[in-house]
Amino acid sequence: MAKTLQSIRGMHDILPEQSAAWQYLESTVRQLLARYSYREIRTPIVEVTELFKRAVGEVTDIVEKEMYTFEDRNGESLSLRPEGTASCVRAGIEHGLFYNQQQRIWYTGPMFRHERPQKGRYRQFHQVGVETFGIAGPDIDAELIAISARLWQELGLKNVRLELNSLGTPTSRAIYREKLIEYFSAHLDVLDEEAKQRLHSNPLRILDTKHPATRLIADAAPSLHDYLDPESKQHFEQLCSMLEAMGIQYVINPRLVRGLDYYTRTVFEWITEELGAQGTICAGGRYDGLVSQMGGQETPACGFAMGMERLLELMQVQEQALSATAPDLYLVLAGEQASSAGIVLAEKLRTELPKLKLQVNAGGGSIKTQMKRADKAGARYALILGEQELAAGTIGFKPMQDATANQVSLKLTELGQYLASQLN
């Protein structure tokens, strides 16, 4: 007997009973971003590997350990996208979207990282990314944070905190980098192996270590804020003032560095304590040097990305109501003539009531069986059309959510008008 095939480890099916929650979240995000005048961009899932090496950084965990990389039939190295910003920048440069322009764009879709699968961290995961280009001031940083804060409000999410930091400019960070190497080098006997590997390639990542002994050393390390350039300090102070004016609470975390090399100045994360170790549900910041690093003109940029799976999990933990996709009506059909007439009636109702969610019974079955199907579908009402009703020009109407409600008989000629009054 052939072995039953299963999905790849860390890559999950989204089943029909789960998709309603996804659609609700996606719809909420899409409508919110439209209100802020952000436009959608759609980029390929596969890009040349060099794009991510250049954008994300060759010494990051993503590029070194996690990317799905392969050679195509022409011998070119390609990778499944591990994040979305690099593709947005590539598309912006390729299509001339940045020069002397401001852009507010967003995207959504699957990303891929070959990590150890665990709750909240998958090998195929889905993100919504929001990116801005051509705007240098802290006002756009504040707008992006305000968008994310408003999303939590509209989703009904609670107990989510905002952590902020500034990484300064590449010049000021280079000075700080040398100070960190000097500091951590004096504690080599305590550092874990991963920290030792990062010491000369990416010492800032040691600051967010989870290793207990290294954590103690990292907590006592010099603060990046002591090495910020004056412009970065002013930018950060203005951002904090704007957030306070909008009533958005935040915590300054000088150890927040983010995992990607391209960040400059502002970095931020929204964190919850209700999802265990994978508590970050949204993260972002500025990446003012990325466009020029990838061959474009100097272009200030800022954005964020949020994980859909983690947001949905948090919504479930906090028992937030999701938009139902159950049908308004389930059309029960008894008899050959009624079945034929029912299809015509259903299309007529869908024309008269464009927002109507109507499921028509298919595959036959007794009235009892069909009523069970209507109940399982979660329908609010059942319409019952048999040969007798068809001959009399009537149809049965039965509320499904109220066990005490009685079935009533309606004229087919008045059905559309009656349903419009009941379903509003």
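Structural notes, computed from the coordinates. (Residues numbered from 1 in each chain as written. Predicted model: local features only at pLDDT ≥ 70, side-chain atom pairs only at ≥ 80, totals over all residues. Heavy atoms only, no water.)

**Re the overall build of the protein chain**
Definition in use: Counting from the N terminus, the helices are the DSSP runs of H or I reaching at least four residues and the strands are the DSSP runs of E reaching at least two. When we talk radius of gyration, it's over C-alpha atoms, and the globule rule is simply 2.2 Å times the number of residues to the 0.38. Under the scheme applied here, a residue whose accessible area is under 20% of the maximum for its type counts as buried, over 50% as exposed, and between as partly exposed, the area being computed with a 1.4 Å probe on protein chains only. We call two residues in contact when some of their heavy atoms are within 4.5 Å.
Scanning the protein chain for helices and strands turns up 15 helices and 16 strands. Against the 2.2 N^0.38 benchmark of 22 Å for 424 residues, the protein chain shows a C-alpha radius of gyration of 28 Å, more extended than a compact globule. Dimensions along the principal axes, computed over C-alpha positions, put the protein chain at roughly 90 × 60 × 45 Å. Considering the protein chain as a whole, with its 424 residues, one finds that 50% of them fall into the buried category. Pairs at least 24 residues apart make up 70% of the contacts formed inside the protein chain by residues separated by at least 6 positions.

**Some remarks on helix α11 (residues 308–317)**
The element α11 is largely enclosed, with a buried count of eight among its 10 residues. Those residues of α11 lying buried are M308, E309, R310, L311, L312, E313, L314 and M315. A positive phi of about 55° marks E319, the residue just after α11.

**Topic: the sheet that holds strand β12 (residues 329–334)**
Our working definition: Two strands form a pair only when DSSP identifies at least two bridges running between them. Here an angle of 0 to 180 degrees is reported between the N-to-C directions of two axes, which are lines fitted to C-alpha atoms, with helices fitted over the stretch in contact.
Taken in spatial order, the five strands make up an open sheet running β13-β12-β14-β15-β16, and their pairing is mixed. Either end of the sheet is taken by a strand with one partner, and the two such strands are β13 (358–360) and β16 (408–411). Neighbour-to-neighbour, the strand axes of this sheet turn through a mean angle of 30°, independent of strand direction. Where strand β14 (residues 381–386) meets strand β15 (residues 394–399), four bridges bridge the pair, whose relative direction is antiparallel. Residue pairing in the sheet places Y381 in a bridge with P399 of β15. This element, helix α13 (residues 367–377), spans β12, β13, β14 and β15 of the sheet and lies at about 170° to β12.

**Considering the sheet that holds strand β3 (residues 69–71)**
Here three strands make up an open sheet; going across it, the order is β2-β4-β3 and the pairing antiparallel. The sheet terminates laterally at β2 (46–48) and β3, the two strands that pair on one side only. Here the average twist between neighbouring strands, direction ignored, is 35°. Running at roughly 75° to β2, helix α2 (residues 49–56) makes contact with β2, β3 and β4 (77–80) of the sheet.

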